[in-house]
Amino acid sequence: NAGVTQTPKFQVLKTGQSMTLQCAQDMNHEYMSWYRQDPGMGLRLIHYSVGAGITDQGEVPNGYNVSRSTTEDFPLRLLSAAPSQTSVYFCASSTLGGAGGPYNEQFFGPGTRLTVL
Amino acid sequence: GNSVTQMEGPVTLSEEAFLTINCTYTATGYPSLFWYVQYPGEGLQLLLKATKADDKGSNKGFEATYRKETTSFHLEKGSVQVSDSAVYFCALSDRSTASKLTFGTGTRLQVTL
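Every value quoted in this text rests on a predicted model; they were computed, and no experiment measured them.

Turning to the overall build of chain B, a few remarks are in order. A count of helical and extended segments in chain B gives zero helices and twelve strands. For chain B, the sequential pattern of α-helices and β-strands runs β-β-β-β-β-β-β-β-β-β-β-β. Its C-alpha atoms give chain B a radius of gyration of 13 Å, within 12% of the compact-globule value 13 Å for 113 residues. With the C-alpha coordinates of chain B rotated into their principal frame, the extents come out at 45 × 30 × 20 Å. Residues counted as buried form 49% of the 113 residues belonging to chain B. In chain B, of all internal contacts separated by at least 6 residues, the share reaching a separation of at least 24 is 56%. Taking the 10 positively charged and 11 negatively charged side chains of chain B as two groups, their mean positions are separated by 8 Å.

What follows is the structure in C-alpha cells.
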C-alpha cells in the first residue's frame with residue numbers, strides 16, 4: 001500500500017493564481033481531511049469529508065474548495081492564492097470514528113509546501 | 001469548544017536524558033487522546049493513544065497516561081536518543097467530533113550527543 005500520497009511536494013504561486021493540491025489514499029478510508037501547518041499554530045483543519053459526495057468545513061475553510069467524487073481522492077483547490085495561504089498542507093485519512101468510538105488513527109501524507117508570492 | 005495546550009519548545013536534551021512534554025486539554029465530551037510525531041521533512045505519524053481515563057498509551061519507549069482529573073496527557077520517555085529529535089503534537093477527538101482531531105501547537109525536541 002502506498003498509504004496517503006500528495007502532489008506536488010513543493011509549489012510556488014503568484015498572488016491570484018489558482019491551483020489544486022492532490023491527495024489520494026489506497027486504504028479505502030471513509031474519512032479524509034486537509035490541514036495546514038503554520039509555525040506556532042499547530043495543524044488547523046481546512047475541510048474534511050466523511051465519504052464520497054460529502055464534504056464539510058473545518059476551522060479555516062476560507063479561500064479553499066474541496067470535492068470528493070471517489071473514496072480515494074480528495075483534492076484541495078485554491079481559487080485565488082494569497083500570501084496568507086503560504087503554508088505546509090497535509091492530507092490525512094482514517095476509517096470513520098463515530099459516537100462511542102473507536103477514535104481511529106489518522107494517516108498523514110508527506111505534505112505540500114506552498115509559497116505564495 | 002475543544003482545545004489542546006502544549007508546553008512551548010524547543011526542548012533540548014542530551015542523549016539518555018529523561019523527557020517530559022506537558023499536554024493539557026479542554027473537551028466537551030469524553031475525548032480520546034493522541035500523541036503524533038513529525039520527523040524532519042515528513043508527515044505526522046501516530047506515536048501512541050489512549051481512549052479512556054487512566055489508560056496508558058505506550059510505543060517506542062514513550063508513555064502517556066490519560067488523567068481525567070487533571071485533564072492531562074503528558075508524554076514521557078526515560079532515555080531519549082538522537083533519533084527522537086522531532087516535533088511532537090498532542091491531539092484529541094471526542095464523540096461530538098468523531099474523526100476530527102484538535103491539535104496542540106507542537107513541541108520541537110532536539111537531542112544532542
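This part is about the interface of chain B and chain A. Counting from both sides, the interface comprises 22 residues of chain B and, opposite them, 23 residues of chain A. Here chain B meets chain A over a buried area of about 1,700 Å², counting both sides, of which 57% is carbon and sulfur. Our count for the contact surface shared by chain B and chain A stands at zero salt bridges. The interface formed by chain B and chain A holds two residue pairs in polar contact (both at pLDDT 80 or more) in total. Along the lines of polarity and charge, the residues of the side of chain B that touches chain A split into nine nonpolar, eight polar and five charged.

Another point: the pairing of strand β5 (residues 32–38) of chain B. The side chains of a regular strand alternate between both faces of the sheet. Residues and elements named next belong to chain B. For β5, a buried count of seven out of seven residues is recorded, marking the element as mostly surrounded by other parts of the structure. The alternating pattern of β5 places Ser32, Phe34, Tyr36 and Gln38 on one face and Leu33, Trp35 and Val37 on the opposite face, and all of these are buried. Examined bridge by bridge, β5 and strand β6 (residues 44–50) share six bridges and lie antiparallel to one another. By the bridge assignment, glutamine 38 is partnered in β6 with leucine 44. Linking two consecutive strands that pair antiparallel, namely β5 and β6, is a turn of five residues; a positive phi of about 75° is found at glycine 41 within it.

Considering all chains together, one arrives at eleven aromatic pairs over all chains under this definition. Ring geometry for tyrosine 35 of chain A versus phenylalanine 103 of chain B: centroids 5.5 Å apart, planes at 90°, classification edge-to-face. Separated into two different chains, tyrosine 35 of chain A in strand β4 (residues 31–38) and phenylalanine 103 of chain B in strand β11 (residues 102–103) make up a pair that spans both. Neither residue differs from the other here; tyrosine 35 of chain A and phenylalanine 103 of chain B are each classed as buried. Ring centres 5.6 Å apart and planes at 40° place the aromatic pair phenylalanine 62 of chain B and tyrosine 88 of chain B in the tilted group.

Residues and elements named next belong to chain A. On the secondary structure map, threonine 112 appears in strand β11 (residues 112–116). Separated by 2.6 Å, the side chain of threonine 112 and the backbone oxygen of proline 8 make a polar contact. Ignoring anything within four residues of it in the chain, the contact list for threonine 112 reads Gln6, Thr7, Pro8, Lys9, Leu21, Ser87, Val88 and Tyr89.

Let us now look at the state of the cysteines. Enumeration over the complete set of coordinates arrives at two disulfides over all chains. Covalently, cysteine 23 of chain A is tied to cysteine 91 of chain A through a disulfide, its sulfur atoms 1.9 Å apart. On the sign convention where negative means left-handed, the S-S torsion of about -70° between cysteine 23 of chain A and cysteine 91 of chain A marks this disulfide as left-handed. Of the two residues, cysteine 23 of chain A is situated in strand β3 (residues 19–25) and cysteine 91 of chain A in strand β9 (residues 87–94); the sequence distance between them amounts to 68 residues. On the basis of relative accessible area, cysteine 23 of chain A is assigned to the buried category, the value being 2%. Residue cysteine 91 of chain A is classed as buried on the basis of its relative accessible area, which comes to 0%. Covalently, cysteine 23 of chain B is tied to cysteine 90 of chain B through a disulfide, its sulfur atoms 2.0 Å apart. The chirality of the disulfide connecting cysteine 23 of chain B with cysteine 90 of chain B is left-handed, given an S-S dihedral of about -70°. In this pair, cysteine 23 of chain B is assigned in strand β4 (residues 23–26) and cysteine 90 of chain B in strand β10 (residues 86–93), connecting sequence segments 67 residues apart. Both residues of the pair, cysteine 23 of chain B and cysteine 90 of chain B, belong to the buried class.

Cut-offs and rules
- Residues numbered from 1 in each chain as written.
- Chains lettered and ligands numbered in written order.
- Predicted model: local features only at pLDDT ≥ 70, side-chain atom pairs only at ≥ 80, totals over all residues.
- Heavy atoms only, no water.
- Helix = DSSP H or I, 4+ residues; strand = E, 2+ residues; numbered from the N terminus.
- Rg over C-alpha atoms; globule rule 2.2 N^0.38 Å.
- Buried < 20%, exposed > 50% of the residue type's maximum accessible area, 1.4 Å probe, protein only.
- Contact = heavy atoms within 4.5 Å.
- Lys, Arg positive; Asp, Glu negative; His and termini not counted.
- Charge placed at Lys NZ, Arg CZ, Asp CG, Glu CD.
- Buried area = accessible area lost by both parts, 1.4 Å probe.
- Salt bridge = Lys/Arg side-chain N within 4 Å of Asp/Glu carboxyl O.
- Polar contact = N/O pair within 3.5 Å; in protein donor to acceptor, adjacent residues only side chain to side chain.
- Nonpolar A, V, L, I, M, F, W, Y, C, P; charged D, E, K, R; others polar.
- Pairing = 2+ DSSP bridges.
- Phe/Tyr/Trp six-rings, centres within 6.5 Å; stacked < 30°, edge-to-face > 60°.
- Disulfide = S-S within 2.5 Å.

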